[in-house]
Amino acid sequence: MFDKEIYKARREALKKSMSGGIAVFPGNSEAPENYLSNQYRFRQDSSFLYFFGIDEPDFAAVIDFDSGEEIIFGNDVSIDDIIWMGPQPSVTSKAEKVGISDSRPFKELFKVVGEAVAKGRMVHFLPPYRYYNMLLLSELLGIPCTKNGNDTRKMLAERSSKELTKAVIALRLIKEPCEIEEIDKACDIGYEMHYAAMKAARLGMKEQELVGLMEGITVSKGWGPSFAIILSQNGETLHNHMHHQYLTEGRLFVIDAGAESNTHYASDFTRTLPASGKFTQKQKEIYTIVSDANNLAVEMARPGITYREVHLATARLMLEGLSSVGIVKGDLDEMVEKGVMGLFQPHGLGHNMGLDVHDMEDLGEDLVGYDEDQVRSKQLGLGSLRMARRLKPGHVITDEPGIYFIPALIENWKAAGTNAEFINFDILKKEYYDFGGIRIEDDLLITADGCRVLGSRRLPHTVAEVEKEMAR
């Protein structure tokens, strides 16, 4: 938790952005894993954390944009709670720690919101993603639930406040110094977990052993992984959570993993390693293309440029590299325009990062990642770019170019004749169907005149650096 003045300043900034009405912020509740008393590990809603700081279940808050009133709702513990949890601070004391003097029992939330609804006042809320909070908002606002939970989610998302959503995004996109400090901590933990895996990897080792090693580090140093760890020798599958294989001579394995600090700020790194500790010549060629693209993004990322421009520049560089090894052919600018790189990188260059590893995407990918004058592309690859905005100091983004050889996708393009004039399908089938994939990812802070790679150290990045560290 930060100093209460941080939370007070954030709420005041939000009030200045809103035209009126009240906003309801439900915190998260605990969820049973397989029976009521066995809960998943609790994780607070990030927007609730950002404005109210209380990292505990069953809280809610209201801000009145007309009167300026702020209220925290929650229940003090009962004797039954004390038996299992021990004595707990009062709700009043928790509210005071974040600069709010008005705290009430949770049931009072229904009264406060009900009065606002009865008076015809605007009740703002953010799009919910947890079903518990969907049910709560349905009851608070008299919005009927449907039998289909997805329909309820969609209906509540449509009824949510675009004004509030945009105001929250505008505040959370630009990271404060206290937030950057926490992200640096998360990046240092991320460095440690990746470096440990790099040093421990041995032929014959099961992938799961490395996952366990990395996860243990994140739990011992912070809150835990910032997302489910991706570690696989089938790196052509972008989000591969299967860890059943043994490290095998001649194969690459992709590790995409990050840490969450104890204050819930995230890191997100990817490295691609040779199972034996040595790259083959073909692996060196493709790895170097991706590494150069990653470095190009670091060189280009600065205030004023759009991340869409950076994405396209790295795509052009990678196509140039693929051309040099005979995989593609033709005019580079034409290939970029026609989306040829989507065959080899069907994802975007990066996304926003902060209190969530994909920061605020629960509020809407396009609202978070695109300026109002930008339109998301429909091309494979570019269409998956989650962050396209014009960069500003304080943005925290990932830089994660990749090249993947996905046999099913290649065969699909070949059968359809998609961009066939640019692609050497024969060499792909002959030499690359068993290659896998390569992704290299760092986390960037946009500064006043450029960017910096977050964390106190950068993970080994070049072919020589990786081979040197794995040889030790």
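An unreviewed UniProt entry lists the chain under the name Xaa-Pro aminopeptidase, with Candidatus Merdivivens pullicola as the source organism. If you open the UniProt record of the chain and go to Cofactor (unreviewed entry), you find "Mn(2+)". Turning to the chain, the UniProt record has this under Catalytic activity (unreviewed entry): "Release of any N-terminal amino acid, including proline, that is linked to proline, even from a dipeptide or tripeptide."

Caption draft 1: Spotlight on the overall build of the chain. What the chain contains, in helices and strands, is 17 helices and 17 strands. Taken over the C-alpha trace, the chain has a radius of gyration of 24 Å; the compact-globule value for 472 residues is 23 Å, and the two agree within 12%. Dimensions along the principal axes, computed over C-alpha positions, put the chain at roughly 70 × 50 × 50 Å. Taken over 472 residues, the chain has a buried fraction of 54%. Here the analysis covers contacts within the chain between residues at least 6 apart in sequence; of these, 73% occur between residues at least 24 apart. In the form shown here, the chain has an accessible surface area of approximately 20400 Å², with 51% of it arising from carbon and sulfur atoms.

Caption draft 2: The UniProt feature "domain: Aminopeptidase P N-terminal" (unreviewed entry) in the chain, seen in detail. According to UniProt, the feature "domain: Aminopeptidase P N-terminal" (unreviewed entry) maps to residues 2-134 in the numbering used here. End-to-end, the C-alpha atoms of residues 2-134 are 29 Å apart, and along that stretch the chain is 38% helix and 19% strand.

Caption draft 3: How the structure looks around the pattern of salt bridges. This structure, assessed with the given rule, holds 33 salt bridges. The residue Arg-104 makes a salt bridge to Asp-102 at a minimum N-O spacing of 2.8 Å. Given the relative accessible area of 24%, Arg-104 is considered partly exposed. Asp-333 is the salt-bridge partner of Arg-316, the closest N and O atoms lying 2.8 Å from each other. On the criterion of sequence distance, the pair formed by Arg-316 in helix H12 (residues 307-324) and Asp-333 in helix H13 (residues 332-338) is long-range, its members being 17 residues apart.

Caption draft 4: Representation of the packing of helix H11 (residues 281-300) against helix H17 (residues 463-471). Orientation of H11 relative to H17, taken along the N-to-C sense of each, is 120°, at an axis distance of 10 Å. With respect to H17, the element H11 is oriented oblique. Contacts between H11 and H17 involve Lys-284, Tyr-287 and Thr-288 from the first element and Val-463, Val-466 and Glu-467 from the second. Residue classes in the contact of H11 with H17 are distributed as 3 nonpolar, 1 polar and 2 charged.

Caption draft 5: Region of interest: the sheet that holds strand S5 (residues 70-73). Taking strand neighbours across the sheet as the criterion, the 5 strands line up as S6-S5-S4-S1-S7 in an open arrangement whose pairing is mixed. Two strands in the sheet have a free side with no partner beyond their single neighbour: strand S6 (102-104) and strand S7 (123-124). Alignment of strand S1 (residues 22-26) against S7, held across 2 bridges, turns out to be parallel. Bridged to Ala-23 within S7 is His-124.

Caption draft 6: The arrangement of a nonpolar patch on the surface in detail. There is a patch of nonpolar side chains on the surface, built from Val-77, Ile-79, Ile-83, Trp-84 and Met-85 and spanning about 620 Å² of accessible area. Checked against the element boundaries, Ile-79 lands in helix H3 (residues 79-85). Relative accessible area serves as the criterion here: at 59%, Ile-79 is assigned to the exposed category.

Rules used in this analysis
- Residues numbered from 1 in each chain as written.
- Predicted model: local features only at pLDDT ≥ 70, side-chain atom pairs only at ≥ 80, totals over all residues.
- Heavy atoms only, no water.
- UniProt positions renumbered as here; feature names shortened; annotations may be inferred.
- Helix = DSSP H or I, 4+ residues; strand = E, 2+ residues; numbered from the N terminus.
- Rg over C-alpha atoms; globule rule 2.2 N^0.38 Å.
- Buried < 20%, exposed > 50% of the residue type's maximum accessible area, 1.4 Å probe, protein only.
- Contact = heavy atoms within 4.5 Å.
- Areas by Shrake-Rupley, 256 points an atom, 1.4 Å probe, with all protein chains shown as cover.
- Salt bridge = Lys/Arg side-chain N within 4 Å of Asp/Glu carboxyl O.
- Axes fitted to C-alpha atoms, helices over the stretch in contact; angles between N-to-C directions.
- Parallel < 35°, antiparallel > 145°, perpendicular 65-115°, else oblique.
- Nonpolar A, V, L, I, M, F, W, Y, C, P; charged D, E, K, R; others polar.
- Pairing = 2+ DSSP bridges.
- Patch = residues over 30% accessible without salt bridge, like charges linked within 9 Å, V, L, I, M, F, W, Y side chains within 5 Å.

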